[in-house]
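Chains, contacts and geometry: an overview
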Amino acid sequence: METQQYEFDQSQNELIADLAKKMSFVGYFLIVIGILGIISGIIALFNSPSVSANYFINGIVNTIFGVWLNKAASSFKQIVETRGNDIVNLMGALGELRKLFGLIYWLLIIALIFLAIGLLVGIVLGIMAGGAG
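This one's a predicted model, so the numbers in the text were calculated from it and none came from an experiment.

Take a nonpolar patch on the surface next. Side chains of Phe25, Val26, Phe29, Val32, Ile33, Ile35, Leu36, Ile39 and Ile43 sit close together on the surface and give an oily, nonpolar patch of about 820 Å² of accessible area. Mapped onto the elements, isoleucine 35 comes out in helix α1 (residues 10-47).

Between the first and last C-alpha of α1 there are 55 Å, a value that for 38 residues agrees with the 56 Å anticipated at 1.5 Å per step. Three or more residues of α1 are buried, namely Asn13, Ile16, Ala20, Met23, Gly27, Leu30, Ile31, Gly34, Gly37, Gly41 and Ala44.

Before going further, it helps to examine the confidence of the model for the chain. When pLDDT is averaged along the chain, the result is 91, and 95% of the positions lie at 70 or above. Element-level mean pLDDT values for the chain span from 91 in helix α3 (residues 86-132) up to 95 in α1.

The final tally for this structure, using the stated rule, is 4 salt bridges. Salt-bridge contacts for lysine 22 lead to aspartate 18; the nearest nitrogen and oxygen are separated by 2.7 Å. On the criterion of helical spacing, the pair formed by lysine 22 and aspartate 18 is a turn pair, its members being 4 residues apart in helix α1. Its relative accessible area of 35% is what places aspartate 18 among the partly exposed residues. Of the charged contacts, one joins glutamate 81 and lysine 77 as a salt bridge, the two residues approaching to 3.8 Å between their closest N and O atoms. Taken together, the residues span about one helical turn, with glutamate 81 and lysine 77 both in helix α2 (residues 49-81) at a distance of 4 residues.

What follows covers the side chain of aspartate 86. Residue position: aspartate 86 is located in helix α3. One buried charge, aspartate 86, has no salt-bridge partner; the nearest side chain with opposite charge is arginine 83, at 6.0 Å. Ignoring any residue separated from it by four or fewer positions in sequence, one finds aspartate 86 in contact with Gln5, Tyr6, Glu7, Phe8 and Ile79.

Ranked by internal contacts, the top residues of the largest apolar core, which has 14 residues, are Ile16, Met23, Leu69, Phe76, Ile79 and Leu97. Among the elements of the structure, α1, α2 and α3 are those that each provide at least two residues to this core. If you tally residues by element for this core, the top one is α2, at 6 residues. Those residues within four positions of leucine 69 in sequence are excluded, and the remaining contacts are Met23, Val26, Gly27, Leu30, Leu97 and Leu100.

Parameters and conventions
- Residues numbered from 1 in each chain as written.
- Predicted model: local features only at pLDDT ≥ 70, side-chain atom pairs only at ≥ 80, totals over all residues.
- Heavy atoms only, no water.
- Patch = residues over 30% accessible without salt bridge, like charges linked within 9 Å, V, L, I, M, F, W, Y side chains within 5 Å.
- Areas by Shrake-Rupley, 256 points an atom, 1.4 Å probe, with all protein chains shown as cover.
- Salt bridge = Lys/Arg side-chain N within 4 Å of Asp/Glu carboxyl O.
- Helix = DSSP H or I, 4+ residues; strand = E, 2+ residues; numbered from the N terminus.
- Expected span 1.5 Å × (residues − 1).
- Buried < 20%, exposed > 50% of the residue type's maximum accessible area, 1.4 Å probe, protein only.
- pLDDT = per-residue confidence, 0-100.
- Lys, Arg positive; Asp, Glu negative; His and termini not counted.
- Contact = heavy atoms within 4.5 Å.
- Core = buried A, V, L, I, M, F, W, Y, C linked by side-chain atoms within 4.5 Å.

So this is what it looks like as structure tokens:
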């Protein structure tokens, strides 16, 4: 028994196509920014090695964001360009977005943990400095 696939109508396809186009632009922009960050990291190795890791990490993260965003955009574009696979393509796009936002989620959790540790260390050092005075 063959299952019927849902097919988006013309106005829905226009919305999805516009979303895919904008996601693709942002994805390519992030890739370019990421590559420039990696190049800056290489240059910084010779001029200021202490900040080169920051450029590398930012460059790699932006490049990964851009690649995943472009993969999702491509899946959204496939919804518009193909017939009979709208749900499969939609699920592929959502999977790529899930990866992207999963990475952002964990990066934010890690940043919050480091922020909390920094605040606690600052408070403890402030109390210790105040008690020594």
